[in-house]
Amino acid sequence: SYSMNANILLSKIVANPTDNTWSQAYSTLNLYVVLSIESQTPEHSIVTSGKELLERIQREYFSQDEKNLANIKKSVGKTVESLETNDSISVVLATISENVLYIVIASKGEVVLKRNGKIGIIAAGEEGKIVAFSGELAADDVIIIETGDFSNKVPVSKLSEILDDLGVSEISESLAPLIHEGALGTEAAIVIQYKNTVTEESRDKTGEEKGEDESIE
């Protein structure tokens, strides 16, 4: 399916929830989020906790005036701080500005890139930490943002067999059976294909200097 952004094709894969696990793959405007939450002592509904977490991520993200990497990382940090300690989470947030991909990962999670037939992990999270990455995208890059348990279940070696020359919806159709079999409920991913249709000329017109001038108080 097409996203709001004409440069992006995307599809999603999400495991079914259980009593104490929930995951989601979410996209709006230029924000892409996969997350999972697992509660050891679910006093309240895990679905409610998960949805509240997703809402907080969005609220903190959209409240940042300037969505640079440092601010996005800070917004995820604020969200995660407010969580109950017995909830175990995986959050991967990605956003694309011009042709740059920004990634913030809270706890475990991975981002895999396929470019020119080669595939590899470009960002990986660490348990209990928040890490941030950025890098330039090229036309026809395929990016897969994955919760920690998705990446455990479908390592790069398995992904590379599946990706081949498939389109985004075919990729998620091929991955879905792997995810749903013996699902923990914490597996979620978004498959994104970046179609760079922005011409160099139009990019020059909205050059970075202009953006910087506007942000001076």
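Parameters and conventions
Residues numbered from 1 in each chain as written. Predicted model: local features only at pLDDT ≥ 70, side-chain atom pairs only at ≥ 80, totals over all residues. Heavy atoms only, no water. Helix = DSSP H or I, 4+ residues; strand = E, 2+ residues; numbered from the N terminus. Buried < 20%, exposed > 50% of the residue type's maximum accessible area, 1.4 Å probe, protein only. Polar contact = N/O pair within 3.5 Å; in protein donor to acceptor, adjacent residues only side chain to side chain. Contact = heavy atoms within 4.5 Å. pLDDT = per-residue confidence, 0-100. Pairing = 2+ DSSP bridges. Axes fitted to C-alpha atoms, helices over the stretch in contact; angles between N-to-C directions. Parallel < 35°, antiparallel > 145°, perpendicular 65-115°, else oblique. Left-handed = near helix turned anticlockwise from the far one by under 90°. Nonpolar A, V, L, I, M, F, W, Y, C, P; charged D, E, K, R; others polar. Salt bridge = Lys/Arg side-chain N within 4 Å of Asp/Glu carboxyl O.

## Side note on the side chain of Thr-79
Phase 1 of the analysis: Among the structural elements, Thr-79 can be located in helix H2 (residues 69-81).
Phase 2 of the analysis: Accessibility expressed as a relative area gives 1% for Thr-79, which makes it buried.
Phase 3 of the analysis: Within the local environment of Thr-79, its side chain forms a polar contact with the backbone oxygen of Ser-75, the two atoms lying 2.9 Å apart.
Phase 4 of the analysis: Apart from residues no more than four positions distant in its own chain, Thr-79 is found in contact with Leu-53, Arg-56, Ile-57 and Glu-60.

## A word on the confidence of the model for the protein
Phase 1 of the analysis: Per-residue pLDDT for the protein has a mean of 86; in total, 87% of the residues score no lower than 70.
Phase 2 of the analysis: Taken together, the stretch residues 199-217 has pLDDT below 50 and engages in seven contacts with residues farther than four places along the chain or on a different chain.

## Some thoughts on the pairing of strand E4 (residues 87-97)
Phase 1 of the analysis: Most of E4 is tucked away: nine of the eleven residues are buried.
Phase 2 of the analysis: Pairing of strand E3 (residues 31-39) with E4 involves nine bridges; the strand directions are antiparallel. From the neighbouring strand, Leu-31 faces E4, where its bridge partner is Thr-95.
Phase 3 of the analysis: With eight bridges joining them, E4 and strand E5 (residues 100-107) adopt antiparallel strand pairing. Each residue of the ladder has a partner; that of Ser-90, found in E5, is Ser-107.
Phase 4 of the analysis: With antiparallel pairing between neighbouring strands as the criterion, E4 and E5 make up a hairpin whose turn holds two residues, including Glu-98 at a positive phi of roughly 55 degrees.

## So, the sheet that holds E4
Phase 1 of the analysis: The antiparallel open sheet is built from five strands, whose spatial order is E2-E3-E4-E5-E8. Every interior strand has two partners, whereas the edge strands, strand E2 (21-28) and strand E8 (130-136), have only one. The average angle at which neighbouring strand axes cross in this sheet is 10 degrees, direction not considered.
Phase 2 of the analysis: Seen against the sheet, helix H1 (residues 46-62) touches E2, E3 and E4 and runs at an angle of roughly 145 degrees to E3.

## Describing the sheet that holds strand E6 (residues 109-115)
Phase 1 of the analysis: Ordered by their spatial adjacency, five strands build an open sheet running E1-E10-E9-E6-E7, and the pairing between neighbours is antiparallel. Across the chains shown, the open sheet's two edge strands, defined by having one partner strand only, are strand E1 (8-14) and strand E7 (118-124). Strand after strand, the sheet turns through a mean of 20 degrees between neighbouring axes, direction not considered.
Phase 2 of the analysis: Here E6 pairs with E7 via six bridges, running antiparallel.

## A closer look at the packing of helix H4 (residues 156-163) against helix H5 (residues 168-180)
Describing two packed helices takes the angle between their axes plus the distance from one axis to the other.
Phase 1 of the analysis: Running from N to C, H4 and H5 cross one another at 135 degrees; their axes reach a closest spacing of 10 Å. It follows that H4 is oblique to H5 by the angle criterion. Both H4 and H5 take part in a crossing whose hand is right-handed. Each of Lys-158, Leu-159, Ile-162 and Leu-163 in H4 lies in contact with H5, whose residues at this interface are Ile-171, Ser-174, Leu-175 and Leu-178.
Phase 2 of the analysis: Class assignment of the residues belonging to the contact of H4 with H5 gives a composition of six nonpolar, one polar and one charged.

## Concerning the pattern of salt bridges
Phase 1 of the analysis: In this structure the tally under the stated criterion is four salt bridges.
Phase 2 of the analysis: Residue Glu-126 is joined to Lys-129 by a salt bridge in which the shortest nitrogen-to-oxygen separation is 3.3 Å.
Phase 3 of the analysis: Residue Glu-126 is classed as partly exposed on the basis of its relative accessible area, which comes to 38%.
Phase 4 of the analysis: Overall, the relative accessible area of 44% leaves Lys-129 in the partly exposed class.
Phase 5 of the analysis: A salt bridge links Asp-140 to Lys-195; the shortest N-O distance between them is 3.1 Å. Within this pair, whereas Asp-140 is found in the loop between E8 and strand E9 (141-147), its partner Lys-195 is found in the loop between strand E10 (188-194) and helix H6 (200-205), the two being separated by 55 residues in sequence.
Phase 6 of the analysis: Among the residues examined, Asp-140 registers a relative accessible area of 42% and is labelled partly exposed.

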